[in-house]
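Here are the chains, one letter per residue:
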Amino acid sequence: LACGGEPEKSESALSFFAALYHLRVPALIIAHQTKSEARGMPFGSVMWHNSARMTWEIQSHHAGGEGGLQIALHNRKSNVSSLKDPEGFRMTWSLGSLTIDKLDIAEVPELAASLPLVNRIAHALYNGPMAVKDLAAATGASATSVSSTLGYHARAGRRFRQELGTMKWELLKR
């Protein structure tokens, strides 16, 4: 094993990162994801996630047709800055070439479900104001979660505000 032991044991992860630290070079470490409910966590000991400075989860969806793949990158941990927003890419293969384009993750239902609720709400409000119950249906979240998320961001003066004289919410104009 590349980690020098059983990946399920914390000693394996800790000794791996100790050795990596002494190399004093940046490193990209790729790991399998757990099959448990702990999304975004690498397989094995929790120390693989805890010891890394930054972790990303990669999700993919086969777009159908010839050579299409849609990818979502989710920053799950960062010790060096705030978490980065999710990024989406569409990869298309054709004879002798690969094209990579930006992708709005919210437009792909199979990937959108993994977006933070605040992002799903913003996407739903892009075309105009909506009531909480309609936002809950559009995002797949409970009305309580939607209401709480809207209130939190509105109180902080970020992203959303309640439309005057209605029970509808809208995006803040930038």
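The shown structure was predicted, so the numbers you read here are calculated from the model rather than taken from an experiment. (Residues numbered from 1 in each chain as written. Predicted model: local features only at pLDDT ≥ 70, side-chain atom pairs only at ≥ 80, totals over all residues. Heavy atoms only, no water.)

Draft legend 1. The overall build of the protein, seen in detail. Counting secondary structure elements, the protein contains six helices and seven strands. Taken from N to C terminus, the helices and strands of the protein fall in the order α-α-β-β-β-β-α-α-β-α-α-β-β. The globule rule puts the C-alpha radius of gyration for 174 residues at 16 Å, and the 20 Å found for the protein is more than 25% above it. Considered along the principal axes of its C-alpha atoms, the protein spans approximately 65 × 45 × 30 Å. Classification of the 174 residues of the protein by burial places 33% in the buried group. Sequence-distant contacts in the protein: of pairs separated by 6 or more residues, those separated by 24 or more amount to 37%. Carbon and sulfur atoms make up 57% of the accessible area of the protein, which amounts to about 11,500 Å² in all. (Helix = DSSP H or I, 4+ residues; strand = E, 2+ residues; numbered from the N terminus. Rg over C-alpha atoms; globule rule 2.2 N^0.38 Å. Buried < 20%, exposed > 50% of the residue type's maximum accessible area, 1.4 Å probe, protein only. Contact = heavy atoms within 4.5 Å. Areas by Shrake-Rupley, 256 points an atom, 1.4 Å probe, with all protein chains shown as cover.)

Draft legend 2. Structural context of unusual backbone geometry. Even without being glycine, Arg24 reaches a positive phi, approximately 55 degrees. Within the secondary structure, Arg24 is located in the loop between helix 1 (10–23) and helix 2 (47–51). Taking the relative accessible area as the measure of exposure, Arg24 reaches 61% and is therefore exposed. For Arg159, which is not glycine, the phi torsion reads 70 degrees and is therefore positive. You can see Arg159 is positioned in the loop between helix 6 (143–155) and strand 6 (160–162). Using a relative accessible area of 29% as the deciding quantity, one classes Arg159 as partly exposed.

Draft legend 3. Focus on the sheet that holds strand 5 (residues 130–131). In space, the three strands of this open sheet follow the order 5-7-6, with antiparallel pairing throughout. Single-partner strands in this sheet number two, and they are strand 5 and strand 6. Sheet analysis places strand 5 next to strand 7 (residues 168–171), joined by two bridges and oriented antiparallel. Bridge pairing in strand 7 links Ala131 to Lys168. (Pairing = 2+ DSSP bridges.)

Draft legend 4. Main features of helix 1. Taking 1.5 Å as the rise per residue, helix 1 with 14 residues should run 20 Å; its terminal C-alpha atoms sit 20 Å apart, in good agreement. Positive phi appears at Arg24, one or two residues downstream of helix 1, with a value of about 55 degrees. (Expected span 1.5 Å × (residues − 1).)

Draft legend 5. Seen up close, the layout of surface pockets. There is about 1,300 Å³ of room inside the largest pocket. Together, 33 residues line the largest pocket, and Leu28, Ile29, Ile30, Ala52 and Met54 are the ones closest to its centre. Secondary-structure elements contributing two or more residues to the lining of the largest pocket are helix 1, helix 2 and strand 1 (54–62). In the lining of the largest pocket, the residues fall into 24 nonpolar, six polar and three charged. Taken together, 18 residues make up the lining of the second largest pocket; nearest its centre are Asp104, Asn119, Ala122, His123 and Arg159. When contributions to the lining of the second largest pocket are tallied by element, the ones reaching two or more residues are strand 3 (87–94) and helix 4 (117–125). (1 Å grid on protein atoms, 1.4 Å probe; cavity = no way out; pocket = protein on both sides within 12 Å on 5 of 7 lines; lining within 4 Å. Points joined across faces, edges and corners; volume = space filled by probe spheres on them. Nonpolar A, V, L, I, M, F, W, Y, C, P; charged D, E, K, R; others polar.)

Draft legend 6. Spatial organisation of helix 6. Taking 1.5 Å as the rise per residue, helix 6 with 13 residues should run 18 Å; its terminal C-alpha atoms sit 18 Å apart, in good agreement. Looking at helix 6, one finds that the buried residues are Val146, Thr149, Leu150, Gly151 and His153. Those residues of helix 6 that are buried lie in contact with helix 4, helix 5 (132–139), strand 6 and strand 7. Looking one or two residues beyond helix 6, the residue adopting positive phi is Gly157, at roughly 75 degrees.

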